[in-house]
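Chain and residue survey
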Amino acid sequence: TKIIHSRLCSSLAVLMCIVFLLRFLAVVWSPALTHGVISQCSSKLPHSAVCFFSYFCVTAVMTGVGAEDDIPLGERKTVTDFCYLLDKSKQLFNGLRDLPQYGHKQWQSYFGRTFDVYTKLWKFQQQHRSVLDNRYGLKRWQIGEVASKIGQLYYHYYLRTSETSYLNEAFSFYSAIRQRSYYYQVNKEDRPELVVKKLRYYARFIVVCLLLNKMDLVKVLVKELSEEIEDYTQRFNTEDQLEWNLVLQEVAAFVEADPVMILNDDNTVVVKSNRLQEGGVPQLEPGMVVGQLTLADALIIGNCNSQVKFSELTIDMFRMLQALEREPVNLATQTTTKPGTLEPSEKPAKRENPHKYLLYKPTFSQLYTFLSASFKELPANSVLLVYLSATGVFPSARLEYEGPYDVGGVLTNTNRDVVNGETVQKRNQNFSNLFGQPLVCLLSPTVYPKSMQDQSQRGSLFTLFLYNPLMGFLSICGITSMRQGLWEKAQEFLRKISHDIGQMLTSSRAIDQAFLQFYGDEFLRLLMIRFVFCSATLRLHKLFREVRSVPDSYPQLPKQEMVENSLLQKHILELASMLDVQNLFSDGMLDNY
C-alpha cells in the first residue's frame with residue numbers, strides 16, 4: 001500500500017508540474033498551440049487516462065485567454081470536452097497504423113470507434129464554434145485538419161471495402177476544405193510543418209479525384225499544388241523540395257497516361273468512366289449452363305520498374321481497380337452514412353464490388369501473407385482473383401528442365417531493380433492445379449512489336465484491353481484522339497461483339513469447364529470476353545507476328561471456335577473499317593499460330 005501511495009503521489013506531483021509549466025506556456029503561446037503539447041503527451045497515455053489528463057490540463061489551456069474565475073463553468077466544460085475528443089481522436093487515428101492491412105474482422109470495430117469519435121468531434125466544433133474561438137483560440141487550419149482526417153478515414157475505408165460511396169464521402173470533405181479555405185491562413189504562419197500538412201492534403205485530394213475521374217478538377221488542383229510548393233520552397237530552406245517536385249511530375253504523367261482523347265464538338269476532352277455500368281456486360285440467356293461462383297476478393301499487384309505511378313498506385317493497378325468496380329447509379333444521390341457510423345443507412349441486397357488488396361512492389365513474403373489471409377477468409381462458392389503486373393524475367397537456360405518455375409515469370413520486389421537473363425524458348429509448360437478447384441490464368445504477351453514498346457511506361461497494352469477494349473484497339477492502331485460521336489458508335493458495335501463472344505464461350509463444346517465455372521460472375525465474365533477480343537484482335541493485326549506477341553491462357557481456349565473464329569474476325573475487320581484503319585489488319589485466317 002505504501003508503494004502504491006508513493007507512486008501515486010509521484011505521478012500527481014509530475015502531473016501538477018506539467019500543468020504549472022503549461023500555464024506558463026499558455027501565456028506565451030496561443031491556447032490551441034499549448035494544447036498541441038498536451039495532445040503529444042496524451043497520445044502516449046492509455047485510453048483511460050486521456051480524460052483524466054485533459055481535465056487537469058484544460059485549465060492551463062484556458063489561462064492564456066482570460067482569468068480563470070471569469071470563465072463560466074459551462075464554457076470551461078465545453079473546452080474540456082473538446083480537448084478530450086481531440087486527444088481521443090488523434091490517439092485512435094494513430095492506432096490505425098498498427099492495424100493489419102489484411103483480414104476483415106480485425107479492423108472493422110476499431111475503424112468504427114475511430115469514426116464515431118471524429119463524427120462527435122466534427123459536430124461538437126460546429127455547435128460550439130464561438131466558445132472554442134474565444135476560449136480555446138481555435139484556428140481554421142485546425143478545423144481543416146479534422147476534416148482532412150475524416151476524409152482519410154473515408155478513403156481508407158473505401159480501400160478496405162471497395163464501396164465507392166465512401167470514396168465520394170472522402171471527396172465531400174476534401175472539397176469542403178478547399179471551398180471554405182480552411183488552410184488559407186497557414187501560409188501566413190512561420191511554421192513549415194503546417195504548410196506540409198496543406199501539401200499532403202492536396203496530394204490526397206488529387207488521388208481521390210483521380211479515382212472518381214474528375215480530371216478537370218485534378219488539373220486545377222495540380223496547378224494550385226505547384227504554386228503552393230513553389231511558395232513553400234522559397235519561404236523555407238527545406239530538404240524535401242525534390243520530393244514534392246517529383247510528386248508533381250508523377251501526377252502529371254498519370255493524367256496523361258491514357259493513349260486516346262475523346263473530344264466533343266468544341267474540342268474539349270470528354271472523360272469517360274470505365275467502371276462496370278448497368279447493361280455493360282452481356283447477360284446470361286435462358287439455357288446457358290454456367291457456374292454460380294462469385295468474385296469476392298482480388299489482389300491487385302503492381303511491380304513494374306518504370307511504369308507511371310502516383311501515391312503507390314501504378315497506372316495498371318489504377319485501371320484494374322476500376323475494372324473491378326460498379327459505376328454508382330448516381331454520385332449525387334447515393335446513400336450516405338449514418339452520423340457516427342460507417343454503416344450505410346440502407347444496406348444493399350448484395351455486395352456491390354469485390355474486396356480488393358492493393359499491393360505496390362511487395363516482396364514475395366508480403367504477397368504470400370496477403371494471399372494466405374484472403375484465401376483463408378474466402379466465403380463459400382467464392383473466387384479469388386490475383387492480378388499481377390510486374391517486370392518480366394527470364395532465367396538463364398539450364399540443361400535440365402525443372403518444371404514451370406524454370407521458364408521465368410514476373411518479379412516481386414527485391415533489392416535489385418532488374419534481373420537479367422537469357423530468354424528461354426519454352427511455351428509448353430503446364431500450371432499445376434493443387435487445390436482441385438477451377439483455375440483460369442489469362443496471360444499477357446511476353447514480347448510486343450518494337451513500335452509498341454515505347455508505350456510500356458504508360459501501362460500494359462494487355463491491361464488496357466481488359467480495362468477499356470476500345471481504347472486498347474485504338475492504341476494499336478495509332479489513333480490518339482476521336483470525336484465523341486464516333487466513339488459512341490464504336491462502343492455500341494463493341495457491345496455487339498462482346499455479346500457474340502459470350503455466346504461463343506457458352507456454346508462451345510471444346511472449351512474447358514473452368515471458364516464456364518467463372519462465367520456466372522459479371523466481373524469475371526467481362527474479363528474473359530475482353531481477353532478473347534484482345535487475343536483475336538492482336539492475331540489479326542499485321543504488326544503482331546510472333547507467337548510471343550499474343551496473349552495466352554491456361555487452360556487454352558479452342559482457337560477455331562474462339563480467337564480465330566471467322567465471325568469474330570469479321571466483326572474486328574468491320575470495326576477497323578468503321579475507324580478507317582482496315583489496312584493495319586490481315587483479312588483472312590492466320591496460319592502462323
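Owing to the predicted nature of the structure, the values given are computational and were not obtained by experimental measurement.

**Section: the packing of aromatic side chains**
The final tally for this structure, using the stated rule, is 25 aromatic pairs. Seen in terms of ring centroids, Tyr154 and Tyr166 are 6.5 Å apart; in terms of plane orientation they differ by 20°. Their pairing is stacked. With a gap of 12 residues between them, Tyr154 in helix α7 (residues 140-161) and Tyr166 in helix α8 (residues 164-179) connect regions that are remote in the sequence. Neither Tyr154 nor Tyr166 differs from the other in exposure class; each is buried. Joined through ring pairs, the aromatic side chains of Trp107, Phe111, Phe115, Trp122, Tyr154, Tyr157, Tyr166 and Phe173 make up one cluster. In this structure, Lys149 is placed above the aromatic ring of Phe93, and the distance from its NZ or CZ to the ring centre is 5.2 Å.

**So, the sheet that holds strand β1 (residues 261-263)**
On the basis of which strands lie adjacent, the open sheet formed by 3 strands has the order β2-β1-β9 and mixed pairing. In this open sheet, the two edge strands, each paired with only one partner strand, are β2 (269-270) and β9 (481-483). In this structure, β1 lies alongside β9, joined through 3 bridges in parallel fashion. Across the sheet, the residue bridging to Leu263 is Arg483, located in β9.

**Focus on the UniProt feature "coiled-coil region" (unreviewed entry) in the protein chain**
UniProt marks residues 215-242 with the feature "coiled-coil region" (unreviewed entry), using the numbering shown here. Helix makes up 82% of residues 215-242 and strand 0%. Its end C-alpha atoms lie 25 Å apart.

**Concerning the side chain of Ser553**
Structurally, the position occupied by Ser553 is in strand β10 (residues 552-554). A polar contact is formed between the side chain of Ser553 and the backbone oxygen of Pro555, at a distance of 2.9 Å. Excluding residues that lie within four positions of it along the chain, Ser553 makes contacts with Cys441, Leu442, Phe515 and Phe531.

**Brief notes about the pattern of salt bridges**
In total, this model carries 22 salt bridges according to the counting rule given. Between Lys120 and Asp116 there is a salt bridge whose closest N-O contact spans 3.3 Å. Placement of the pair is Lys120 and Asp116 together in helix α5 (residues 105-127), with a separation of 4 residues, close to one helical turn. Residue Lys120 is classed as partly exposed on the basis of its relative accessible area of 48%. For Asp116, a relative accessible area of 25% translates into the label partly exposed. When the shortest N-O distance is used, the salt bridge between Glu574 and Lys570 registers 2.5 Å. Of this pair, Glu574 and Lys570 are both found in helix α20 (residues 566-578), 4 residues apart, which corresponds to roughly one turn of the helix.

Parameters at a glance
Residues numbered from 1 in each chain as written. Predicted model: local features only at pLDDT ≥ 70, side-chain atom pairs only at ≥ 80, totals over all residues. Heavy atoms only, no water. Phe/Tyr/Trp six-rings, centres within 6.5 Å; stacked < 30°, edge-to-face > 60°. Helix = DSSP H or I, 4+ residues; strand = E, 2+ residues; numbered from the N terminus. Buried < 20%, exposed > 50% of the residue type's maximum accessible area, 1.4 Å probe, protein only. Lys NZ or Arg CZ within 6 Å of the ring centre and 35° of its normal. Pairing = 2+ DSSP bridges. UniProt positions renumbered as here; feature names shortened; annotations may be inferred. Polar contact = N/O pair within 3.5 Å; in protein donor to acceptor, adjacent residues only side chain to side chain. Contact = heavy atoms within 4.5 Å. Salt bridge = Lys/Arg side-chain N within 4 Å of Asp/Glu carboxyl O.

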